[in-house]
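# Coordinate analysis (summary)
Each chain, written out:
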Amino acid sequence: MCTAFNRWGKGLLLVFLALAACSSPEQQTGAPTQDPTTGEVYTRRRVVVNDSLIRGRVLDRNDSVLVDTRLQYLLKLPRRSPLDTLALGELLGWDSTTVRQRIADALPYENTPAGYPVQLSLTAAEVKRVRRDSADWPNLILTERTQRVYTTGAGAPVLGYMGAEAQAFYRQAKRYRRGRFYRLRNGGVETYYNGLLNGRHGYLHPLVDAKGKEHGTWAKDTTFQQGQDLHLTIDVKLQAYAEKLIGNRKGYLVALDPRTGEILCFVSAPVYPAATITAPDQAGVRAKLLESEDMPLINRPAMLANPPGSVFKLVNAAVALQLGAISPSTAFRCDQSLVSCVHDHPQASSLTKGLKYSCNPYFYQVMQNLINRMPDSLAVDTVAVRHANLDLWRRYTRSFGLDSVLGVDVPREAPGFLPTAAYYDKARRTTRWTYRSVYSLSIGQGEINLTGLQMANMAAIIANRGWYYTPHLVRSVGDGGPLARFTEKHRTLIDSVHFAALVPGMVAVMQRGGTADASSLADVGITVAGKTGTVQNDEGDDHAAFVGFAPANNPKIAVAVYIENAGFGATAAAPCAVMVMEKYLRGSIAPKRKRWEKRIQRRAQNGY
Ligand SMILES: [Zn+2]
């Protein structure tokens, strides 16, 4: 009850603040009314409670406020008269480079004509300086307005923005990417939960005496409802840390708590500061983001689906175990006449070894057993068998939440893709296609596409040995819990024993001789289970992928990393994933890995 009172109290406080701050609060004066007993005459007023002032805040999982509605100060520069930038810098306490940079950031495109209205956001301290010297600067106009304010630069694709404040950005976006600009719109939780954040606006009807004192109300006050706060699942410190690891490279990093489906960090890179889209003085920065060939505004983990590469061997192995196509002790030769093997390795005498070395021919044969397998019914037509087995494979892999949207609380989530038998009939122009023409599925290449959210969720499913909660970004709305659908457990069609059979191989990946042994966290007592992937790409360098979780036997964090055109998953993606695991589980990075951490951050900053 106490919190409800505080909430109401905060709402009222904001209303009075608004009355004090705005020069013309929306209010109407009705006919005067006379009190029959005292004879006092009151003025009837109607005060509109402004929505923006009651909008809820956005907080991280440790209750740090990330987005709030606050008063913002804007300095309008004179439109015509030439500006003395040196003197302006002195006034604001900025050096001349800063003045030029801040003005350039505010101009919407490079050759913006002179006279374009430039507004600069100021801090309270800068406002003090301007007010002190206002007599010397008659052409400068200082205005105030309430606006959504971001206390952090991190988490841009998660936080998003309030649509009403993004109009200038929408106009810019339409200009740059005409038909496709909608893909660049990512309102994050600010848009997804807009209705709950907003609350309901209403009216107050005070009776005011000649001295301006209130005496009750003249009509029932419409109960306005304070907007509800959103408590995110994101850990903003971990988010900022992970953003520094991926930086200006193209790709994503998603970390989940597999036990709850809570998303701990959600990086879409290249990264950009959260306030950029709506800040009144960032039009120039937005133009650069819109022009960039790296498409930083695409919300990669949610909207882009990519071939998963070798990490998908985990899913294929689980399905093959469930359908009896292999057993954990099945051995296959590294027969490079089937498909080339990237790694030079000893014999893969079991599934664990197959995973450890990520042997392509091994998994070629796993899938071959699955697709060519004769079912119990005595089917003789091998065409029919292949069709039935491929569709069976798809039914089991779909239970990982693939080939359909997971239902994560972000706008515009993509479903990814898993091919059907009918798809190949059409693509291969014959129903008589053989395993040979679809084998790339076995190594996660070809037609399969997964989003970053699906990749992280796949790691969480294995961590949980077979089930998941839909990944989500909001753990509670107001005083309530998350949306109901996030508390519903989803089970795959695969028994937990078959997931348990994958874990030794994933642990071996991180051990001596495994594909990611350099990223082991054994020295700080963390056993990581992981799988690397190097995804061939027709248009350029290979993409680097990694999924994993830790600790292997009691998983608290599952991570997926994908870095485009970065080469080997083991060297580019795995180190980022284990740094995030170590940071989350231990709070800091071990001294011996500090140099490595710096090197990754430097590469991230350089964007390669
Ligand atoms: Zn091999």
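Described below are features of the structure shown in this document. (Residues numbered from 1 in each chain as written. Predicted model: local features only at pLDDT ≥ 70, side-chain atom pairs only at ≥ 80, totals over all residues. Heavy atoms only, no water.)

## Let's talk about the coordination of the zinc ion
Looking at the metal site, the zinc ion is ligated by C334 (SG), C341 (SG), H345 (NE2) and C359 (SG), spaced 2.1 to 2.3 Å from it. Because the angles between the 4 donor atoms bound to the zinc ion fall within 103 to 120 degrees, the donor set is best described as tetrahedral. Sequence spacing of the donors to the zinc ion: C-x6-C-x3-H-x13-C. (Donors = N, O, S within 2.8 Å, 3.2 Å for Na, K, Ca; no water. Tetrahedral: all angles 85-135°; square planar, octahedral: opposite > 155°, others 65-115°.)

## A short note on helix α10 (residues 236-246)
Burial analysis of α10 places 8 of its 11 residues in the buried class, the great majority of the element. Listing the buried residues of α10 in full gives V236, L238, Q239, Y241, A242, E243, L245 and I246. The opening residue of α10, the one whose side-chain oxygen lies 3.0 Å from the backbone nitrogen of K237, is D235. (Buried < 20%, exposed > 50% of the residue type's maximum accessible area, 1.4 Å probe, protein only. Helix = DSSP H or I, 4+ residues; strand = E, 2+ residues; numbered from the N terminus. Polar contact = N/O pair within 3.5 Å; in protein donor to acceptor, adjacent residues only side chain to side chain.)

## A closer look at helix α5 (residues 124-132)
Turning to α5, its buried residues number three or more, namely E126, V127 and V130. The arc enclosing the buried residues of α5, seen along the axis, measures out at 100 degrees, which places them on a common side. Exposed residues pointing more than 90 degrees away from the buried face of α5 are listed as A124, A125, K128 and R132. Of the surrounding secondary structure, the elements contacted by the buried residues of α5 are β5 (65-76), α3 (85-92), β6 (119-122) and β7 (141-150). (Arc of directions from axis to C-beta. Contact = heavy atoms within 4.5 Å.)

## Remarks on the environment of T534
Its place among the elements puts T534 in strand β19 (residues 529-535). Along the sequence, T534 and A544 sit 10 residues apart, while their C-alpha atoms lie 4.9 Å from each other. Once residues within four sequence positions are removed from consideration, T534 is found in contact with Q445, D542, H543, G567, F568 and G569.

## Structural notes on the sheet that holds strand β20 (residues 543-550)
Strand pairing in a sheet takes place through backbone hydrogen bonds and is either antiparallel or parallel in direction. The antiparallel open sheet is built from 5 strands, whose spatial order is β13-β12-β21-β20-β19. The sheet is open, and its two edges are formed by β13 (262-269) and β19, each paired on a single side. Across this sheet, the average inter-strand angle for adjacent strands is 5 degrees, counted without regard to direction. As paired strands, strand β12 (residues 251-257) and strand β21 (residues 557-563) are joined by 6 bridges and run antiparallel to one another. Looking across to β21, one finds that Y252 is bridged to Y562. Packed on one face of the sheet, helix α22 (residues 574-586) meets β12, β13, β20 and β21 and runs near 150 degrees to β21. (Pairing = 2+ DSSP bridges. Axes fitted to C-alpha atoms, helices over the stretch in contact; angles between N-to-C directions.)

## As for the environment of L264
Position of L264 among the secondary structure elements: in strand β13. For the pair L264 and A577, spaced 313 residues apart in sequence, the C-alpha separation works out to 13 Å. In this structure, L264 is in contact with R61, T233, I234, D235, L238, A255, L256, D257, K556, I557 and Y584, ignoring residues within four places of it in sequence.

## Quick notes on the nonpolar core
Membership of the largest hydrophobic core comes to 110 residues, with the highest contact counts inside it found for L232, I263, L351, W393, F400, M455 and L502. The leading source of residues in this core is helix α18 (residues 452-463), at 9 residues. For this core, the two domains that each supply at least three residues are domain 1 (1-21 + 28-72 + 150-230) and domain 3 (302-606). The residues contacting M455, other than those within four sequence positions of it, are Y252, P308, V311, L450, A545, V547, A560 and Y562. Ranked by size, the runner-up nonpolar core spans 36 residues in total, among them L253, F546, A566 and A572. (Core = buried A, V, L, I, M, F, W, Y, C linked by side-chain atoms within 4.5 Å. Domains from an automatic or database assignment.)

## A closer look at the layout of surface pockets
One number sums up the size of the largest pocket: a volume of about 470 Å³. What lines the largest pocket is a set of 21 residues, and nearest its centre among them are Y116, A168, R171, A283 and R286. There are two domains that each give the lining of the largest pocket at least three residues, and those are domain 1 (1-21 + 28-72 + 150-230) and domain 2 (78-139). (1 Å grid on protein atoms, 1.4 Å probe; cavity = no way out; pocket = protein on both sides within 12 Å on 5 of 7 lines; lining within 4 Å. Points joined across faces, edges and corners; volume = space filled by probe spheres on them.)

So yeah, pure geometry; function would need other evidence.
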